Amino acid sequence: MKFAVYLPPQALEGARCPVLYWLSGLTCTEQNFITKAGAQRLAALHGLIVVAPDTSPRGEGVADDPGYDLGQGAGFYLDATAAPWKEHFQMQSYVSRELPDLIETSFTASSARAISGHSMGGHGALITAFRNPGRYKSVSAFSPIVAPTQVPWGQKAFEAYLGADRDSWKQWDAVALIASAREQLPLLVDQGADDQFLTQHLRPELLESAAQEVGYPITMRMHSGYDHSYYFIASFLEDHFAHHAKALRAA
C-alpha cells in the first residue's frame with residue numbers, strides 16, 4: 001500500500017500534531033489529492049498532518065475487474081467478505097486501524113484524528129467516522145456516496161465485495177449508520193449542484209433527511225455551478241480545514 005504524508009512545519013519542529021486523513025474517490029491513487037487540491041498551505045496554517053492513502057490494494061495477485069468502479073482503484077473503504085476480494089480488500093481495517101497505528105508511531109503525530117474525503121472517499125470518511133466512535137474528532141465530505149445500498153455504484157461494489165445478503169450491506173451505508181450513531185461529530189458536507197453524478201449515484205438529500213430524523217447536526221451545502229471535479233474541492237477546502245482544525249484544537 002502506498003500513502004502520502006504531509007508534515008507541517010510544526011511537526012518538523014518536533015510538535016506532535018493532529019492528523020487529517022483524506023480518502024480519495026474512484027480511480028484515484030494517493031497522488032490525486034496531494035497534487036490537485038492545494039492542501040499543503042492549509043495544513044501548514046493549521047498545523048495538521050495530512051495522510052492520503054491509496055483507494056485500494058494493488059499489484060500482481062490482487063483481484064481486479066475491467067470496470068473503473070470495481071477492483072483496484074475502487075476499494076470502497078470496506079472489509080470484503082466474498083471471494084476473490086476478501087484476501088486483500090480489507091480497506092476499513094487498514095484505514096481505521098493499521099494506517100493510524102503506523103502514522104502515530106512513525107511520525108510526530110498525536111492521537112487526535114479527523115477524516116474527510118471525496119465521492120467514494122466521502123462515503124469512506126462517513127462510514128469510518130460512524131463505525132469507530134471515539135477515534136475521530138470531526139468528519140467532512142465532498143460529493144459523497146451517502147447511500148451506497150440504494151445507488152448503482154454502491155450496489156455493484158457491495159454485491160461483489162460482500163455477497164448477495166443485502167442486510168449485511170447496511171453496516172457500510174452512511175444513511176443507515178447515522179440512525180444509530182453513538183456520538184455526534186461535527187459534520188460538514190459540500191456538494192456541487194451541477195455534479196454529473198448527483199441524482200444517480202450521490203443522493204445527498206438522503207443523508208440530510210436521515211440526519212434530521214435523529215437530530216444529528218449536519219451542515220449540508222449545495223453549490224450552484226460546481227461539478228464533481230477537484231476544482232470544486234479546491235474552492236471549498238479551506239472551510240473543511242477550518243472545520244477540522246476547530247474540532248481538533250478542542251480535543
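Residues numbered from 1 in each chain as written. Predicted model: local features only at pLDDT ≥ 70, side-chain atom pairs only at ≥ 80, totals over all residues. Heavy atoms only, no water.

**Q** Got a sec to walk through the pairing of strand S6 (residues 187-192)? Specific residues and values, please.
**A** Successive side chains on a regular strand alternate, one facing one side of the sheet and the next facing the other. In terms of burial, S6 is a largely internal element, 6 of the 6 residues being buried. Burial along S6 is two-sided: Leu187, Val189 and Gln191 and Leu188, Asp190 and Gly192, pointing in opposite directions, are all buried. Where strand S5 (residues 138-142) and S6 come together, 4 bridges link them in parallel fashion. By the bridge assignment, Ser140 is partnered in S6 with Leu188. Looking at chain direction, S6 and strand S7 (residues 219-223) are connected through 5 bridges and run parallel. Pairing of Val189 across the sheet is with Met220, part of S7. (Buried < 20%, exposed > 50% of the residue type's maximum accessible area, 1.4 Å probe, protein only. Helix = DSSP H or I, 4+ residues; strand = E, 2+ residues; numbered from the N terminus. Pairing = 2+ DSSP bridges.)

**Q** Just give me the short version of the nonpolar core, but keep the residues and values in it.
**A** One finds Phe76, Ile115, Tyr161 and Leu207 to be the most contacted residues of the largest nonpolar core, which totals 58 residues. Ranked by residues supplied to this core, first place goes to helix H5 (residues 120-131) with 6 residues. For Leu207, the contacting residues outside a window of four places in its chain are Leu126, Val146, Ala174, Val175, Ile178, Val189, Ile218 and Met220. Of all hydrophobic cores here, the second largest spans 19 residues; its members include Phe33, Phe142, Phe232 and Phe241. (Core = buried A, V, L, I, M, F, W, Y, C linked by side-chain atoms within 4.5 Å. Contact = heavy atoms within 4.5 Å.)

**Q** Break down the packing of aromatic side chains for me, with residues and values.
**A** Summed over the entire model, instances satisfying the criterion amount to 13 aromatic pairs. Considering the side-chain rings of Trp22 and Phe33, the 4.2 Å spacing of their centres and the 15° angle between planes classify their relative orientation as stacked. Pair noted here: Trp22 is in strand S2 (residues 17-23) and Phe33 is in helix H2 (residues 31-36), with a separation of 11 residues, a long-range link. For Trp22, a relative accessible area of 1% gives the class buried. Ring centres of Trp22 and Phe142 lie 6.1 Å apart, and the angle between their planes is 55°; on these two criteria the pair is classed as tilted. In this pair, Trp22 sits in strand S2 while Phe142 sits in strand S5, placing the two residues 120 residues apart along the sequence. (Phe/Tyr/Trp six-rings, centres within 6.5 Å; stacked < 30°, edge-to-face > 60°.)

**Q** I'd like a rundown of the environment of Gly25, residues and numbers included.
**A** The residue Gly25 is located in the loop between S2 and H2 in this model. Classification of Gly25 as buried rests on a relative accessible area of 3%. The sequence separation of Gly25 and Arg135 amounts to 110 residues, and the corresponding C-alpha distance is 22 Å. Each residue touching Gly25, except ones within four places of it in the same chain, is listed here: Thr55, Gly73, His118, Ser119, Met120 and Gly121.

**Q** If you had to explain the sheet that holds strand S4 (residues 109-117) to someone new, which residues and values would you point to?
**A** Think of a sheet as strands paired side by side through backbone hydrogen bonds, with each pair either parallel or antiparallel. Reading across from one edge, S1-S3-S2-S4-S5-S6-S7 is the order of the 7 strands in this open sheet, with mixed pairing throughout. Edge positions in the sheet fall to strand S1 (3-6) and S7, since each of these pairs with one other strand and no more. Between one strand and the next, the sheet's axes are offset by a mean angle of 20°, whatever the strand orientation. Taken strand by strand, helix H4 (residues 91-106) contacts S1, S2, strand S3 (49-53) and S4, and its axis lies near 140° from that of S4. Its contacts with the sheet place H5 against S2, S4, S5 and S6, and it is angled at close to 135° to S4. (Axes fitted to C-alpha atoms, helices over the stretch in contact; angles between N-to-C directions.)

**Q** Describe H4, and please don't skip the residues or the numbers.
**A** Along its length, H4 reaches its greatest deviation from straightness, about 30°, at Glu98, and the proline Pro100 lies no more than four positions downstream. Listed as buried for H4 are Met91, Gln92, Tyr94, Val95, Ser96, Leu99, Pro100, Ile103 and Glu104. Those residues of H4 that are buried lie in contact with S1, S2, S3, S4 and H5. (Bend = angle between axes of the 7 residues up to and from the residue.)

**Q** How would you sum up the pattern of salt bridges? Please name residues and give values.
**A** Within the structure shown, the criterion is met by 7 salt bridges. The residue Asp54 makes a salt bridge to Arg58 at a minimum N-O spacing of 2.6 Å. Accessibility expressed as a relative area gives 4% for Asp54, which makes it buried. Of the residues examined, Arg58 reaches a relative accessible area of 36% and is grouped as partly exposed. For Lys156, the salt bridge identified is with Asp69, shortest N-O distance 2.7 Å. Separated by 87 residues along the polypeptide, Lys156 in helix H6 (residues 152-162) and Asp69 in the loop between S3 and H4 bring together distant segments of the chain. (Salt bridge = Lys/Arg side-chain N within 4 Å of Asp/Glu carboxyl O.)

**Q** For unusual backbone geometry, give the residues involved together with the corresponding values.
**A** Cis geometry is adopted by the peptide bond preceding Pro84, which originates at Ala83 and carries an omega value of 0°. Within the secondary structure layout, Pro84 lies in the loop between S3 and H4. At Phe76, a position not held by glycine, the phi torsion is positive, near 60°. Examined against the element boundaries, Phe76 turns out to sit in the loop between S3 and H4. Positioned with a positive phi, Arg203 is a non-glycine residue whose angle comes to about 55°. Secondary-structure assignment places Arg203 in the loop between helix H9 (198-202) and helix H10 (204-214).

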